[in-house]
Every structure is written in C-alpha cells, then in structure tokens.
Amino acid sequence: MSNERAQGLLLDRLINSPLQHASQSVFKDMTSYEALCKEAQKEPELFWSRLAQEHLQWDHPFSHVLDKSHAPFYRWFDDGALNASVNCLDRHLGTECEHKVAIHFETVDGKVTSVTYRTLYERVCQLANALKERGVEKGDRVLIYLPMGDEGVVAMLACARIGAIHVVVFAGFSAIALHERLQDTGAVAVITANVQCRSGRELPLKAGVDDAIALGGCEHVGTILVYERTATAWPRQEGRDFSYAELVSQQPTECAPVSVSAEHPLFILYTSGSTGKPKGVVHTTAGYLLWAKLTMLWSYDIQPSDVFWCTADIGWITGHTYVTYGPLAAGATQVIMEGVPLYPDASRVWKTIQRHAVTTFYTAPTLIRALIKAAAQEDVYAPESYDLSSLRLLSSVGEPIDATAWRWFYEHVGHGRCPYVDTFFQTETGGHVITPIPGVTPLVPGSCTLPLPGMDVVIVDEAGEPRPWGQGGLLVIASPWPAMARTLWRDDERYRQSYFPEELGGTLYLAGDGAVRDEDTGYFRITGRIDDVLNVSGHRLGTTEIESALSRLDHAVAEVAVVGQPDPSTGEAVCAFVVLKKSDYGEEVARQIAQELRQQVARDISPIAKPKFIRFGSNLPKTRSGKVMRRLLRSFAQGEKEAQDISTLEDPSVLDHFSVIY
Ligand code: 6R9
C-alpha cells in the first residue's frame, strides 16, 4: 500500500472532536501534550515536584521527591505534610467557590439537595468532631458502609480530616464480605445508615453490620454511627451505636485538621475479588490526591462552569477519585445519584443530565449497553427525547468499550460534538492511566488512545522485553508515579509478588491486562485481563476483540461476553454468551442469529475466532459493580458445578437461561 493511501486510511479512522469552551490552559494541541510527556520522561522528579507544588496546598513543603531505596515500595514527597480534606474544602473557602454548589444530590424519589462548599465543610467538621469524641485517632481505620449519597463523601473527608484511614465497602456487599474487611483492617468505628433505598425498596444496612460483627473477632469496633436515611427503626446496642442526631448534629462546625505526612495512608480499598482473598489496596495522601486533581484537569478540562456527573459508587476506586477527591480538589460542581441510574427506568439518566445541565458525563460501558438496549425499546428511553445540549464531554471506564457502543454514545448522546474520553485505570493506579486529552487527541472508537504525561506505559512480553507496535503483550508501567498503590494492607509480600513479579525483572508494575498498540497510530487498545486471553489453535485472541465483533451485529445484539473453553482439538474454543435486544425469539431465529454472529466474527477477525458455542440468555451475570463475571461464565461453559463465590452476583438465576447451545 502506498504511504499516501495508508495515511488516508489512517485519517479516515481518526475522529477530531473539538471540545466546546475548552480552557486550553494545559493542552492546546498534540504538540503541547507531547512536550509535557517529554518533560516527564527527561526529568521525572522535577516534573512531579513542580506539579505537586503547583496543585497541592502543603502545611509543610517537601524537600525529597522520590525515595526509591525500598523499591517497589516507593515513597513520594515524604517529608512534606498536608491534609486531604483541607485540599478539598478549606482551600475553597474565601474564594468564589465557597458558596458554589459542590454536590447536587438526587434521591431515588427525585428530591434534590444542593450542598455548597461551605456547607460541606461544616458537615465534614461536625462528623470529624463526632469521631474524635468517640476516640478515633490518626491512623485508626474507619469502615464506611453507606448507600451512594453526599453523606458518603462527608464520611470519607471527615476521616481524612483527623488522619483516620477510611475503608469504604460498597453497600451491596454482604455481611460476610464486610466481616472479612472489618477483621483485616481492625477498624475501630463503622459509619453506616439504617437502610439504603434501592430500586423502590428499603434494604436494612445497619443490620448487616450487626450480622458481620456477630461472625466474631470484631471486638475492636467500638463505635457504630448510624445515619438515618429514613424513619425506619434499627437495632441498637447501647454504648456502641449512635444516631447522627445524637452524636453529630450538635457538634461544632469547625474542626482543626490533622496535618499528616505525604505518605500517611489515606485509605484502604479492597478490589473486587476476581481471584482468591480480596486485596486491601493502600493509597497514601499526597501522591494520590495530586493525581486525582490533575486528571480532573487533564482528562476532563474541568472548569468552574462545569457540572460533572460520575455514576460510580464511592465503593469503587472511580467513586473515590472521581466523586470524592478529584471533583472536590478541583472545586467542581457535581451530581450524585442515590440508587441505580436505571431505576425506575432508563429515562432517569437523560432526565438527570437535562435537569442539572450536566456538562461532563462519566459512566461505564455496561450502563451504556443497557441504555442502548432501552433506547431501542421505547422513545421515552431514547436520548433524542431529551435536551442534552449541555453536554460537552463523555467518558467511560471499567471495561473496554466496543466500537459500536462507542459510536452510539458519541452520536446519539453527544451528537458528534462531545469528545469521548475512554479512561483506562485500576484501583491500584489511583487515577487515569491511558486516556485521550479531550479536544486534543484524535479519537478512535474503542481505543483509550495514549498514556497521560508521566505515565510510563509499555507493552512487554513474558520476559519483560518491549513488544513492537502491532504485537500484543502485557501492559506494564515502567516507572513509579505518585498515585500508585503503596502496598496491600499488612501484606507487603503479596504486593510485590502480584504487581512486580520476578519474571519481569521485579521492577515493572504489572497491570494484569493485555494490550496492543495500533501499528499506525501507536494507540493502546486493552485486550482484556491476561487471564481472559484465549489461545485457539496457537492463535492469541482477545476475548474483547471477539465481543466487539459480535456487538457489531447491533440490530440484534444487546450485550455479549466471550470466554474460553478447553477444547480437545483447538486447545481452547470460543464460547459466547449473548443477550439479544428482543427477548421474544424462537429456536429458528436463534439459529439464524447464531449463524450471522459467526459470520460476523469470521469477517471482522478471522474464521479461527468464530465462537464454537453460542448461548443466548436474558442478562449476563455481573458483580454489583457491573463487571461481567467471566470466571463464573467460564466454569458454567465447562459444565462445572457452582464452585465459586457468587455472593457478589446481582441476580444468581441469570445463568439458567444460557443452557441451550447453538
Ligand atoms: C477503574 C476500574 C480495573 C480493571 C482493569 C481493566 C478494566 C478499566 C478500562 C478497562 C478497558 C478501560 N478496565 N478501565 N479495560 N478499557 N477503559 O475499573 O478499576 O475495578 O480496579 O478494575 O478494569 O481490566 O485492569 P478496577
């Protein structure tokens, strides 16, 4: 192919999507992006030191930037001192931000409370004083088990204010999961609610804490603070359990912040246990906070006039960084929604954007796919039925987004005028790693494009050697960065073994994902967890690649998940779990669609990638955080009996529908 033609084809694929009202303060164009990447490469310590001075408010300045002496246990800015809640709240007081809305909180029944930075500050101080009164001190762990709402944000910041380490546990987790986390962290206090309101029902929450404690070995829990979401009564143990009305409401609205070292742990967050015992990922104060704020500026060009809406729950890293710390450190206005965005129905999402004039909408591919499915059913669920003209930026995280869903979101929601920021990151990375700069990086549907400046992302083979563009491998981060996890709670050795394996030389951070760089653009494409890569007849196939191909049959397919299944002739065979848009199909139609699906894959990738087994069902099994449970699908495909923990499964009966194979 001639160079010119190749260039032409390449340009055809790239979407230049200018950002409306761009601030252009950091990145004017790709040249300024590249210049910042170069600055970071050349003098990383100077680069990070400059940013940490510019963007954080320090009580005591740091003089060391990076301490590598105990690598891979890196320390950043460690003789500096600061407080995270001061950086999110106090620093906005006395500025035009003070009386600006920090949070529009919308309950399931549509009631909106708008909280200013001043009010948020006062609520945080009151809760911090209540914790102090109960004897909670710097370094103590406080477990937060709250429904999604502004109170969760207040609780996190109140801990940070007194130097306590918060451990947020998603309110959908069971008492057993809670017990495990209580014991592992030795938490001295729990902040919870009497109930949570989800999908039209009141679910007891405080009772779950009692059940967890009843499992034994939690004598260290001396206080349970109960936020009364409704008037519903809750079980109380005198001397240990207190309502907000009793302990918090009367507290002074000022609380002197505790200045902590930059390396003081800010929180522990357990990752959704895909393998074995959950990992208690530890993040420290300054490095994490710096990246939370910077990525709000870099990935979202966040501005005073923006209304940011991230649909993640604070129980996950996305909620920590892009609901609590990032938006508040950046002085943004945001929307927080109680319950799930799809309840009572999909129109809630569009109504919320319209009502609050949301400018920046950050969600998950799984929600996008559900929205696509709903929009095909009735006009009232279609984004076109609402005024979404306030939007200027769209973003997703958590899974690869296939090109078809990307285009739908881009065209039907953003009307082709909002850059789509596909953000790749992990609990362990603290904040975004690979993501386009909106309005600057030309976009390719389904690609998270390029690493942010300072993120030294490389693709290597199993021996740690770099792979050329076009050839897949393991995604690693080759240099330390301030927001990286510091360790796993009380398990340094597991941290080292999981993330800095000896086989790769012991210095590369192993993300656990496969990736490939596009031969023309150098753009990264995440091919899925490395345990999800299939090997069919010696050919490496990314499950997400096959999923993407199957999704392209978009008149029929709502959602797919592909797993590998051991096969005597090809090593592994491809097994696809498919949810169709229409649920009223017969055997004949299913057979025909199965054939079309195979043709689609053969056409898009190769006949080798064609699913040998196709199973149709009404919903994919998902964790409560919305991730498809591939391990469960794998064992189901192999006909294994229920051998694994399905306690995090949203609806355990979904598998039954997939029993017929086409
Ligand atoms: C933020 C979050 C991390 C894993 C990660 C990867 C997957 C996240 C992605 C993505 C493709 C993206 N992942 N973002 N895959 N494209 N934009 O989800 O953290 O819960 O720790 O999960 O999620 O597999 O390794 P976490």
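Before reading on, note that the structure itself is shown above.
Residues numbered from 1 in each chain as written. Predicted model: local features only at pLDDT ≥ 70, side-chain atom pairs only at ≥ 80, totals over all residues. Heavy atoms only, no water.

A. Spatial organisation of the environment of arginine 529. Examined against the element boundaries, arginine 529 turns out to sit in strand β25 (residues 524-529). Residue classification places arginine 529 among the partly exposed positions, given a relative accessible area of 37%. Here the alpha-carbon distance between arginine 529 and alanine 511, two residues 18 residues apart in the chain, equals 8.8 Å. Other than its neighbours up to four places away in sequence, arginine 529 contacts Gln426, Ala511, Gly512, Asp513 and Gly514. (Helix = DSSP H or I, 4+ residues; strand = E, 2+ residues; numbered from the N terminus. Buried < 20%, exposed > 50% of the residue type's maximum accessible area, 1.4 Å probe, protein only. Contact = heavy atoms within 4.5 Å.)

B. Region of the structure containing unusual backbone geometry. Cis peptide bonds are those with omega within 30 degrees of zero, and the linkage from alanine 71 to proline 72 qualifies with 5°. Within the fold, proline 72 resides in the loop between β1 (66-67) and β2 (75-76). The omega angle of the peptide bond from tyrosine 343 to proline 344 is 5°, so this bond is cis rather than trans. Position of proline 344 relative to the elements: it lies in the loop between β17 (333-337) and α12 (347-356). Look at alanine 357: it is not a glycine, yet its phi comes out positive at around 50°. Assignment of secondary structure puts alanine 357 in the loop between α12 and β18 (360-363).

C. Seen up close, the sheet that holds strand β8 (residues 189-193). Sheet architecture is open: eight strands sit in the order β12-β11-β8-β6-β7-β14-β15-β23, paired in mixed fashion. Edge strands, defined here as strands with exactly one partner in the open sheet, are β12 (241-243) and β23 (487-488). Relative to strand β14 (residues 265-270), strand β7 (residues 165-168) runs parallel, the two sharing two bridges. Bridging from a neighbouring strand, valine 167 pairs with isoleucine 268 of β14. Relative to the sheet, helix α11 (residues 317-329) contacts β7, β14 and β15 (280-284), its axis offset from that of β14 by approximately 140°. (Pairing = 2+ DSSP bridges. Axes fitted to C-alpha atoms, helices over the stretch in contact; angles between N-to-C directions.)

D. Main features of the site of the ligand. In the vicinity of the ligand, 16 residues are found, and the nearest of them are Asp422, Thr423, Thr427, Asp513 and Arg529. Taking glycine 398, its main chain carries an N or O atom lying 3.0 Å from a nitrogen atom of the ligand. Here an oxygen atom of the ligand sits 3.2 Å away from a polar atom, N or O, in the side chain of lysine 627. Out of a free accessible area of 530 Å², the ligand has 90% covered by protein chains. The set of elements that each furnish at least two residues to the shell around the ligand consists of α11, β20 (420-423) and β25. Of the residues that constitute the shell around the ligand, the class distribution is six nonpolar, five polar and five charged. (Near = heavy atom within 4 Å. Polar contact = N/O pair within 3.5 Å; in protein donor to acceptor, adjacent residues only side chain to side chain. Areas by Shrake-Rupley, 256 points an atom, 1.4 Å probe, with all protein chains shown as cover. Nonpolar A, V, L, I, M, F, W, Y, C, P; charged D, E, K, R; others polar.)

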